[in-house]
Amino acid sequence: MPRIKTLRTKKPPEGFAEIEDTLLEFANRLRDIETTSHEGKRKNESLWPVFQITHQRSRYIYDLYYTREAISSELYQWLLKQGYADGNLIAKWKKQGYEKLCCLRCIQAKENTFNATCICRVPKSKLDKDKVVECVTCGCRGCASSD
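What you see is a predicted model; the values in this text were computed from it and never measured.

Trainee: It is not clear to me how unusual backbone geometry should be interpreted in this structure. Could you clarify?
Mentor: Residues other than glycine predominantly adopt negative phi, and peptide bonds predominantly adopt the trans conformation. A positive phi angle, near 55 degrees, is found at Glu69, a position not held by glycine. Position of Glu69 among the secondary structure elements: in the loop between α2 (48-67) and α3 (73-82).

Dropping the structure here:
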């Protein structure tokens, strides 16, 4: 979550006005998800949309800086510091084999059964074709880089 703006908060760097509308849209979507009913869902399932939107917001900022080179380094660092994007997830995206990683919990062995990575990290060619695979922690259906 982005930090709350106060009188002591530094003003955003140049270029923030161009992407502010999109970031507000992500914030509004998160707010809508928090207010929706979670009845009939498992405990983990209610958090899946939150993981997906934070992933999309981090991917948006990553693409702006690394792919399109549309924002400055100063703005990128400010966005990370303010909590608009997950810096640790972006650091993994820069490494080979983790380009499509959905969340950090999927690669932490202690978070999963049998001390292994999550099922969504297994390439689809190694799984049964008729079996639908969903990650328990974030709802991802496959984030292996070889897919």
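Trainee: Hey, could you run me through the packing of aromatic side chains in this one?
Mentor: Two aromatic rings are characterised by how far apart their centres lie and by the angle between their planes. With the rule as written, the count across this model stands at nine aromatic pairs. Note on Phe16 and Tyr84: the rings are 5.9 Å apart at their centroids and 55 degrees apart in plane angle, and the pair reads as tilted. Taken as a pair, Phe16 in helix α1 (residues 16-35) and Tyr84 in the loop between α3 and α4 (87-93) lie far apart in primary sequence, 68 residues in all. Using a relative accessible area of 4% as the deciding quantity, one classes Phe16 as buried. According to the relative accessible area criterion, Tyr84 is buried, its value standing at 10%. Here the aromatic cluster, defined as three or more aromatic residues joined through ring pairs, consists of Tyr62, Tyr65, Tyr66, Tyr76 and Trp93. Geometry around Tyr98 places Lys92 over its ring, the cationic atom sitting 5.2 Å from the centre.

Definitions and cut-offs
Residues numbered from 1 in each chain as written. Predicted model: local features only at pLDDT ≥ 70, side-chain atom pairs only at ≥ 80, totals over all residues. Heavy atoms only, no water. Helix = DSSP H or I, 4+ residues; strand = E, 2+ residues; numbered from the N terminus. Phe/Tyr/Trp six-rings, centres within 6.5 Å; stacked < 30°, edge-to-face > 60°. Buried < 20%, exposed > 50% of the residue type's maximum accessible area, 1.4 Å probe, protein only. Lys NZ or Arg CZ within 6 Å of the ring centre and 35° of its normal.

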